[in-house]
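# Secondary and tertiary structure notes
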Amino acid sequence: AQSVSQHNHHVILSEAASLELGCNYSYGGTVNLFWYVQYPGQHLQLLLKYFSGDPLVKGIKGFEAEFIKSKFSFNLRKPSVQWSDTAEYFCAVNGIQGGKLIFGQGTELSVKP
Amino acid sequence: KAGVTQTPRYLIKTRGQQVTLSCSPISGHRSVSWYQQTPGQGLQFLFEYFSETQRNKGNFPGRFSGRQFSNSRSEMNVSTLELGDSALYLCASQDGAGANYGYTFGSGTRLTVV
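A brief structural summary. (Residues numbered from 1 in each chain as written. Chains lettered and ligands numbered in written order. Predicted model: local features only at pLDDT ≥ 70, side-chain atom pairs only at ≥ 80, totals over all residues. Heavy atoms only, no water.)

### Observations concerning the overall build of chain B
Across its full length, chain B carries zero helices and eleven strands. Traced from its N-terminal end to its C-terminal end, chain B shows the element sequence β-β-β-β-β-β-β-β-β-β-β. The C-alpha atoms of chain B give 13 Å as radius of gyration, which agrees with the globular expectation for 114 residues (13 Å, within 12%). For chain B, the spread of C-alpha atoms along the three principal axes comes to 40 × 25 × 25 Å. Across the 114 residues that make up chain B, the buried fraction comes to 49%. Counted over contacts in chain B with a minimum sequence separation of 6, partners at least 24 positions apart contribute 54%. Just so you have it, chain B exposes about 5200 Å², and 46% of that area is on carbon and sulfur atoms. (Helix = DSSP H or I, 4+ residues; strand = E, 2+ residues; numbered from the N terminus. Rg over C-alpha atoms; globule rule 2.2 N^0.38 Å. Buried < 20%, exposed > 50% of the residue type's maximum accessible area, 1.4 Å probe, protein only. Contact = heavy atoms within 4.5 Å. Areas by Shrake-Rupley, 256 points an atom, 1.4 Å probe, with all protein chains shown as cover.)

Structure follows, in structure tokens:
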């Protein structure tokens with residue numbers, strides 16, 4: 001079955017701490033991978049996406065993610081978080097034909113000033 | 001350019017009623033997808049339309065339906081509303097028919113069923 005698993009439900013960090021949010025997927029075939037962020041009261045925004053090529057993907061606001069095919073993982077990282085990074089983060093996958101996105105359950109990140 | 005526009009932003013309906021939600025994609029985008037977001041189930045795919053044709057459908061009952069018009073605007077209809085239909089309904093638009101395009105989400109319509 002196609003699924004996405006995000007390891008952490010809620011992560012609490014202090015400002016300047018490093019962040020890594022885990023994402024593993026189960027999907028038959030070649031995939032496209034996405035990380036979306038939802039700030040409080042706002043809509044989903046695309047942080048970064050992987051379609052092909054370099055498995056280390058850089059996104060907006062200093063975020064990056066690494067696609068490790070052998071581990072079916074696409075973890076999100078940021079070297080130093082800010083209070084403004086407080087939000088919910090969603091990992092998503094779809095097949096190379098496009099179509100529906102399968103989302104993980106989301107990870108709520110709280111950054112303490 | 002303008003983003004994905006969903007109307008209305010908020011709705012309160014009574015059980016048994018029906019509701020229609022609207023989504024206007026980014027100008028030039030021909031693909032529109034709908035998702036339901038709830039605290040318990042997370043984000044779940046409802047359906048996807050491209051050039052007025054439904055290309056994919058999620059695992060929702062037949063009470064959930066949609067359509068897309070020639071100008072790419074899409075509507076979603078839920079009939080015989082149940083309490084469990086209370087959710088944030090999100091629309092996403094996409095540049096084209098293939099996979100290598102970004103999905104842009106609207107702000108959603110928050111539906112409350114009482």
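Still more ground to cover, so stick around.
### Points about the overall build of chain A
What chain A contains, in helices and strands, is zero helices and twelve strands. Each helix and strand of chain A, placed in order from N terminus to C terminus, yields the pattern β-β-β-β-β-β-β-β-β-β-β-β. Over its C-alpha atoms chain A spans a radius of gyration of 13 Å, differing by no more than 12% from the 13 Å that the globule rule assigns to 113 residues. Expressed as lengths along the three principal axes of its C-alpha atoms, the size of chain A is roughly 40 × 25 × 20 Å. In chain A, which comprises 113 residues, the proportion classed as buried is 49%. For chain A, restricting intrachain contacts to residue pairs at least 6 apart in sequence, the fraction spanning at least 24 positions comes to 54%.

### Things to note about the interface of chain A and chain B
Taken together, the 18 residues of chain A in the interface contact 21 residues of chain B. Counting each side, the surface lost to burial between chain A and chain B is near 1500 Å², with a carbon and sulfur contribution of 57%. Put simply, chain A and chain B have zero salt bridges between them. For the interface between chain A and chain B, the tally reads four residue pairs in polar contact (both at pLDDT 80 or more). Mapped by element, the contributors of at least two residues to the side of chain A that touches chain B are β5 (31-38), β10 (87-95) and β11 (98-103) of chain A. Tallying contributions element by element places β11 of chain A first for the side of chain A that touches chain B, with five residues. In terms of residue class, the side of chain A that touches chain B is built from eight nonpolar, nine polar and one charged. (Buried area = accessible area lost by both parts, 1.4 Å probe. Salt bridge = Lys/Arg side-chain N within 4 Å of Asp/Glu carboxyl O. Polar contact = N/O pair within 3.5 Å; in protein donor to acceptor, adjacent residues only side chain to side chain. Nonpolar A, V, L, I, M, F, W, Y, C, P; charged D, E, K, R; others polar.)

### Some thoughts on the state of the cysteines
All names here are of chain A. Applying the stated criterion across every chain yields a total of two disulfides over all chains. Here C23 is linked by a disulfide to C91, with a sulfur-sulfur distance of 1.9 Å. Torsion about the S-S bond of the C23 and C91 cystine: about -65°, corresponding to left-handed handedness. One end of the pair, C23, is in strand β4 (residues 23-26); the other, C91, is in strand β10, and 68 residues separate them in sequence. (Disulfide = S-S within 2.5 Å.)

### Focus: unusual backbone geometry
Here T7 of chain B and P8 of chain B are connected by a cis peptide whose omega angle stands at -10°. With respect to the helices and strands, the residue P8 of chain B is situated in the loop between β1 (5-7) and β2 (10-13). Of note in this structure, K61 of chain A is not a glycine but carries a positive phi near 60°. Here K61 of chain A is to be found in the loop between β7 (56-58) and β8 (64-68). Assessed through its relative accessible area of 44%, K61 of chain A is described here as partly exposed. Phi at E52 of chain B is positive, roughly 70°, even though this residue is not glycine. Residue placement: E52 of chain B occurs in the loop between β5 (42-50) and β6 (53-57). Looking at E52 of chain B, the relative accessible area reads 46%, which means it is partly exposed.

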